[in-house]
Amino acid sequence: QVQLVESGGGLVQAGGSLRLSCAASGSISSIHTMGWYRQAPGKRRELVATKTRGDNTDYADSVKGRFTISRNNAKNTVSLQMNSLKPEDTGVYYCHVNLYGFIYWGQGTQVTVSS
């Protein structure tokens, strides 16, 4: 089994910054992709940013230039630095881990951006 522990959500004013972190533990030999998804009320869960073990990154167009994903393969952690936050960034952010086909999700952390 794999456990994901997220931290760093909260309430921030528009233009502010937050940093999310996620640590994976348990039966882990190697992680292919780590990243973040989010879900706003009444909307589908969507990709925010992912990073592969080989350092390939993918960002949603809406966050490019504002968010930066980083990953520590030795510690099995992934972080998301979110700058210039907008009210439309509000939602529950989920850590996502792909262990070469086995998918795990964190419990989610709330991010609220006030206007």
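What counts, and where the lines are drawn
- Residues numbered from 1 in each chain as written.
- Predicted model: local features only at pLDDT ≥ 70, side-chain atom pairs only at ≥ 80, totals over all residues.
- Heavy atoms only, no water.
- Disulfide = S-S within 2.5 Å.
- Helix = DSSP H or I, 4+ residues; strand = E, 2+ residues; numbered from the N terminus.
- Core = buried A, V, L, I, M, F, W, Y, C linked by side-chain atoms within 4.5 Å.
- Buried < 20%, exposed > 50% of the residue type's maximum accessible area, 1.4 Å probe, protein only.
- Contact = heavy atoms within 4.5 Å.
- Pairing = 2+ DSSP bridges.
- Axes fitted to C-alpha atoms, helices over the stretch in contact; angles between N-to-C directions.
- Phe/Tyr/Trp six-rings, centres within 6.5 Å; stacked < 30°, edge-to-face > 60°.
- Lys NZ or Arg CZ within 6 Å of the ring centre and 35° of its normal.

A.B. asks: Can you help me understand the state of the cysteines in this one?
C.D. replies: By definition, a disulfide links the sulfur atoms of two cysteine residues through a covalent bond. All chains considered together, the criterion is met by one disulfide. Cys22 shares a disulfide with Cys95; S-S distance 2.1 Å. On the sign convention where negative means left-handed, the S-S torsion of about -85 degrees between Cys22 and Cys95 marks this disulfide as left-handed. Of the two residues, Cys22 sits in strand β3 (residues 18–26) while Cys95 sits in strand β9 (residues 91–99), which places them 73 residues apart along the sequence.

A.B. asks: Any chance you could explain unusual backbone geometry here in plain terms?
C.D. replies: Here the phi dihedral of Asp55 falls at roughly 75 degrees; this positive angle occurs in a residue that is not glycine. Tracing the chain through its elements places Asp55 in the loop between β5 (46–52) and β6 (57–59). With a phi close to 50 degrees, Tyr100 is a non-glycine residue in the positive phi region. Inspection of the secondary structure assignment puts Tyr100 in the loop between β9 and β10 (102–105).

A.B. asks: I'm lost on the nonpolar core in this one. Help?
C.D. replies: A general tendency of soluble globular proteins is for nonpolar side chains to be buried together. Counting residues in hydrophobic clusters, the biggest one holds 28 residues, and the most contacted among them are Trp36, Val48, Phe67, Leu80, Met82 and Tyr93. If you list the elements that add at least two residues to this core, you get β1 (2–7), β3, β4 (33–39), β5, β7 (67–72), β8 (77–82), β9 and β11 (109–114). If we ignore the near neighbours within four places in the chain, the residues touching Tyr93 are Glu6, Leu20, Trp36, Tyr37, Arg38, Val48, Phe67, Leu80, Met82, Gly108, Thr109 and Val111.

A.B. asks: Looking at this structure, how should I read the sheet that holds β1?
C.D. replies: Across a sheet, strands are paired by hydrogen bonds formed along the backbone, either parallel or antiparallel in direction. If you trace the four strands from one edge of the open sheet to the other, you get β1-β3-β8-β7, paired in antiparallel fashion. Each edge of the open sheet is held by one strand with a lone partner, namely β1 and β7. This sheet shows a mean twist of 15 degrees between the axes of neighbouring strands, independent of strand direction. Bridge count for β1 against β3 is six bridges, and the pairing is antiparallel. Bridge pairing links Val5 to Ala23 in β3.

A.B. asks: What exactly am I supposed to notice about the packing of aromatic side chains here?
C.D. replies: Here a ring pair, both rings aromatic, is described through the centre-centre distance and the interplanar angle of the planes. Here the structure, examined in full by the defined rule, presents two aromatic pairs. Taken together, the aromatic side chains of Tyr37, Tyr94 and Trp105 make up a single cluster linked through ring pairs. A cation sits over an aromatic face here: Arg45 above Tyr94, 3.7 Å from the ring centre. Positioned above the aromatic ring of Trp105, the side-chain terminus of Arg45 is 4.6 Å from the ring centre.

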